[in-house]
Amino acid sequence: QQQVKQSPQSLIVQKGGISIINCAYENTAFDYFPWYQQFPGKGPALLIAIRPDVSEKKEGRFTISFNKSAKQFSLHIMDSQPGDSATYFCAASYTGNQFYFGTGTSLTVIP
Amino acid sequence: DTAVSQTPKYLVTQMGNDKSIKCEQNLGHDTMYWYKQDSKKFLKIMFSYNNKELIINETVPNRFSPKSPDKAHLNLHINSLELGDSAVYFCASSQQPWGYGYTFGSGTRLTVV
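Residues numbered from 1 in each chain as written. Chains lettered and ligands numbered in written order. Predicted model: local features only at pLDDT ≥ 70, side-chain atom pairs only at ≥ 80, totals over all residues. Heavy atoms only, no water.

A. Local environment of the packing of aromatic side chains. Under the definition given, this model contains 24 aromatic pairs over all chains. A ring pair is formed by Phe66 of chain A and Phe73 of chain A, whose centres lie 6.5 Å apart and whose planes are at 40°; its orientation type is tilted. Centre to centre, the rings of Tyr35 of chain B and Phe104 of chain B are 5.3 Å apart; their planes meet at 50°, and the pair counts as tilted. Placement of Tyr35 of chain B in strand β4 (residues 31–37) and of Phe104 of chain B in strand β10 (residues 103–104) is noted, with a sequence separation of 69 residues between them. A relative accessible area of 1% places Tyr35 of chain B in the buried class. Owing to a relative accessible area of 7%, Phe104 of chain B belongs among the buried residues under this scheme. (Phe/Tyr/Trp six-rings, centres within 6.5 Å; stacked < 30°, edge-to-face > 60°. Helix = DSSP H or I, 4+ residues; strand = E, 2+ residues; numbered from the N terminus. Buried < 20%, exposed > 50% of the residue type's maximum accessible area, 1.4 Å probe, protein only.)

Rendered as structure tokens:
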């Protein structure tokens, strides 16, 4: 059973555009929602994370929007750049328990 | 300085062989993990060790055996390799179980032929 559902599977965006990746979860006990970025041949690296006491967190061009009532959260990449081309994973966990990863989104930013 | 390092980066071997993948972290973390990433990039937890003790052992064939000689090292030994074991294996570590500073290694691509 997939604890975290992620969409789309792949995404192509023009340089300068906005990339949006969505995730949904069922377990209301989840209290930590990180996003990981993975480049080819590398391991996933923590990009940004949010806890459910806030609805939005922004770090540079990357923003997480969190909707607790809908049990959804999304990653927005503003002014997308070719260097952002990577696979993005959302995840969810509750304190001291394992991470549940989404299935990943392959982002391609076209120059 | 690499925080979580795995060796080898690539491993090509024949069916039926036994192989090991090594992982070392220099972050001073207490917890280490092994993940399997399949061809569709799905990340699946295999094992988790906290201070050399096994705390998670997901449904993994018993041909896979983790060994933690100390809290900075977590090795993965695989017996009787099968074609379906071909994947990328990632080591990770964190200060506490599933806690702050969760860091992945760069992976070991295992190909069984």
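Back to the text.
B. Highlighting the sheet that holds strand β7 (residues 62–67) of chain A. Residues and elements named next belong to chain A. Pairing is antiparallel across the open sheet formed by five strands, whose spatial order is β1-β3-β8-β7-β6. Because the sheet does not close on itself, it has two edges, and the strands there are β1 (4–7) and β6 (56–59). Sheet twist, expressed as the mean angle between neighbouring strand axes with direction ignored, is 15°. Bridge count for strand β3 (residues 19–25) against strand β8 (residues 72–77) is six bridges, and the pairing is antiparallel. (Pairing = 2+ DSSP bridges. Axes fitted to C-alpha atoms, helices over the stretch in contact; angles between N-to-C directions.)

C. How the structure looks around the sheet that holds strand β8 (residues 73–78) of chain B. Residue and element names in this part refer to chain B. The strand order across the open sheet formed by four strands is β1-β3-β8-β7, and the pairing between neighbours is antiparallel. Strand pairing shows two members of the sheet lacking a second neighbour, β1 (4–7) and β7 (64–70), which therefore form its edges. For this sheet the average axis-to-axis angle between neighbouring strands, irrespective of direction, equals 20°. Bridge analysis of strand β3 (residues 19–25) against β8 gives four bridges, and the strand direction is antiparallel. Each bridged residue has a counterpart across the sheet, and for Ile21 the counterpart in β8 is Leu76.

D. Up close: the side chain of Gln6 of chain A. Residue and element names in this part refer to chain A. Among the secondary structure elements, Gln6 is positioned in strand β1. In terms of polar contacts, Gln6 uses its side chain to reach the backbone carbonyl oxygen of Tyr88, at 2.6 Å. Side-chain polar atoms of Gln6 contact the backbone nitrogen of Cys90, separated by 3.3 Å. Not counting residues within four places of it along the chain, the set of residues in contact with Gln6 comprises Ile21, Asn22, Cys23, Trp35, Tyr88, Phe89, Cys90, Gly102, Thr103, Gly104 and Thr105. (Polar contact = N/O pair within 3.5 Å; in protein donor to acceptor, adjacent residues only side chain to side chain. Contact = heavy atoms within 4.5 Å.)

E. Layout of the state of the cysteines. Counted under the stated rule, the structure contains two disulfides over all chains. Residue pairing for Cys23 of chain A: its cysteine sulfur links by disulfide to Cys90 of chain A, the two sulfurs lying 1.9 Å apart. One quick way to see it: the torsion about the S-S bond of Cys23 of chain A and Cys90 of chain A is about -95°, and its sign makes the bridge left-handed. A residue pair is termed long-range when its members are at least 10 positions apart, and Cys23 of chain A in strand β3 and Cys90 of chain A in strand β9 (residues 86–92) qualify at 67 residues. One disulfide bridge connects Cys23 of chain B with Cys91 of chain B, the sulfur atoms lying 1.9 Å from each other. (Disulfide = S-S within 2.5 Å.)

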